[in-house]
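So you can see what is in the structure, the chains are spelled out below.
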Amino acid sequence: MGSSPYADASDSLPTPSTPAGRDGLAALLERPGRAVIALDFDGTLAEIVPDPEQARAHERAVPALAALAPKVASVAVITGRPAGVAVRYGGFAGVPGLEHLVVLGHYGAERWDAATGSVRAPAPHPGVAAARAELPGFLDGIGAWHGTWIEEKGRAVAVHTRRATDPQAAFDALREPLAALAARHGLVLEPGRMVLELRPPGVDKGVALSEYVRECGAQTVLYAGDDLGDLAAYTAVDKLRSDGMAGLLVCSGNEVTELAERADLLLPGPAQLADFLSALARRLSRP
């Protein structure tokens, strides 16, 4: 097991850097039964790895969520991955304490409920299959095949540049051509950390988060993410706060400046986020 800065069982919590964030944390601590905890998966609960198929939840993340979930209204994982894949890679199924966990996959297009163990999803967008079939020749035709690779995600398809000689240069060079390819098939392009994903329009983490928070009747929401795809969820929390709800925005890592600058609380990465969730659970266990 890795070492933890909270190994002494302290329940001290870091202080958010913004007034809105401090209010959000205070509201969560005061009324945990009306709070939703929502989190991204890759880069937030799991470390970013060169091969996304090898990503797994940090060793302290699931125990932290299991300790926290019974004390709040709901815990949800909102991810661009297929819901079933996130459940497997996260190790979320059958965990005591996570009997009511919800995983919203494909930016909310899919939903897995721990209570039933099943995934609900609409029919796939036909443009995804068309774009997937075209991608190998498309990348070869623009000289971008070497060092990039395609990840099939069922309801989306992604092109990764992390293995390229110059990952950022490959990412920048591909962004405009892939946006045009996506548009041609009725899709949108979602940029991430050295990955460009082609997916159907009309779904994003902000829409998924807002709908889920309202479904739960929450008064407070905590959202934690690490990447560009989480900006929509941040914007949703800002909107909910403007409507009178309390909210706390947490950023895991600082690789994505746009996200880190908007966060109320910046943590170095998934290990520290897991420790924060553990400390939060311990604080809520006080008599």
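Note that the coordinates shown come from a computational prediction; the quantities given were computed from them, not determined experimentally.

1. Quick notes on the sheet that holds strand β6 (residues 149-152)
Adjacent strands of a sheet pair through backbone hydrogen bonds, lying either parallel or antiparallel.
Right, so step 1: Taken together, the four strands give an open sheet; going across it, the order is β6-β7-β9-β8, and neighbouring strands pair in antiparallel fashion. The strands lining the two open edges of the sheet, one partner per strand, are β6 and β8 (188-191). Taken pair by pair, the neighbouring strands of this sheet meet at an average axis angle of 25°, ignoring direction.
Right, so step 2: With four bridges joining them, β8 and strand β9 (residues 195-199) adopt antiparallel strand pairing. Opposite Pro191, over in β9, you have Leu196 as the bridge partner.

2. Some details on the pairing of strand β1 (residues 35-39)
Right, so step 1: Along β1, five of the five residues are buried, which leaves the element largely enclosed by surrounding structure.
Right, so step 2: Residues Ala35, Ile37 and Leu39 of β1 are buried on one face, and the alternating residues Val36 and Ala38, pointing to the opposite face, are buried as well.
Right, so step 3: Inspection of the sheet shows β1 paired to strand β10 (residues 220-225) by five bridges, in the parallel sense. Bridged to Leu39 within β10 is Ala224.
Right, so step 4: In this structure, β1 lies alongside strand β2 (residues 74-78), joined through four bridges in parallel fashion.

3. Side note on the confidence of the model for the protein chain
Right, so step 1: This prediction gives the protein chain a mean pLDDT of 93; 97% of its residues lie at or above 70.
Right, so step 2: Taken as a whole, residues 1-9 scores under 50 in pLDDT and shows 14 contacts with residues more than four places along the chain or in a different chain.

4. Focus: the packing of helix α6 (residues 205-216) against helix α7 (residues 231-242)
Right, so step 1: Where α6 meets α7, the axes come as close as 7 Å, and the angle between the chain directions of the two elements is 40°. Considered as vectors, α6 and α7 are oriented oblique to each other. The hand of the α6/α7 crossing is right-handed. When α6 is examined against α7, the residues Lys205, Gly206, Leu209, Ser210, Val213 and Arg214 are found in contact with a partner set consisting of Ala232, Ala233, Ala236, Val237 and Leu240.
Right, so step 2: The class makeup of the residues in the contact of α6 with α7 is seven nonpolar, two polar and two charged.

5. Topic: unusual backbone geometry
Right, so step 1: The backbone phi angle of His106 is positive, close to 50°, even though this residue is not glycine.
Right, so step 2: Note that His106 resides in the loop between β3 (102-105) and β4 (110-113).
Right, so step 3: Since its relative accessible area comes to 4%, His106 is described here as buried.
Right, so step 4: Positive phi outside glycine occurs at Tyr107, with the angle close to 60°.
Right, so step 5: Within the secondary structure, Tyr107 is located in the loop between β3 and β4.
Right, so step 6: We classify Tyr107 as buried; its relative accessible area is 8%.

6. A closer look at the pattern of salt bridges
Right, so step 1: The tally for this structure, following the rule as stated, stands at 19 salt bridges.
Right, so step 2: Ionic pairing is found between Arg120 and Asp113, a salt bridge with its closest N-O pair at 3.5 Å.
Right, so step 3: Overall, the relative accessible area of 52% leaves Arg120 in the exposed class.
Right, so step 4: With a shortest N-O distance of 2.3 Å, Asp226 and Arg193 are connected by a salt bridge. On the criterion of sequence distance, the pair formed by Asp226 in the loop between β10 and α7 and Arg193 in the loop between β8 and β9 is long-range, its members being 33 residues apart.
Right, so step 5: For Asp226, a relative accessible area of 2% corresponds to the buried category.
Right, so step 6: Residue Arg193 is classed as buried on the basis of its relative accessible area of 15%.
Right, so step 7: Through salt bridges that share partners, Arg111, Asp113, Arg120 and Glu215 make up one connected network.

What counts, and at which threshold
Residues numbered from 1 in each chain as written. Predicted model: local features only at pLDDT ≥ 70, side-chain atom pairs only at ≥ 80, totals over all residues. Heavy atoms only, no water. Pairing = 2+ DSSP bridges. Helix = DSSP H or I, 4+ residues; strand = E, 2+ residues; numbered from the N terminus. Axes fitted to C-alpha atoms, helices over the stretch in contact; angles between N-to-C directions. Buried < 20%, exposed > 50% of the residue type's maximum accessible area, 1.4 Å probe, protein only. pLDDT = per-residue confidence, 0-100. Contact = heavy atoms within 4.5 Å. Parallel < 35°, antiparallel > 145°, perpendicular 65-115°, else oblique. Left-handed = near helix turned anticlockwise from the far one by under 90°. Nonpolar A, V, L, I, M, F, W, Y, C, P; charged D, E, K, R; others polar. Salt bridge = Lys/Arg side-chain N within 4 Å of Asp/Glu carboxyl O.

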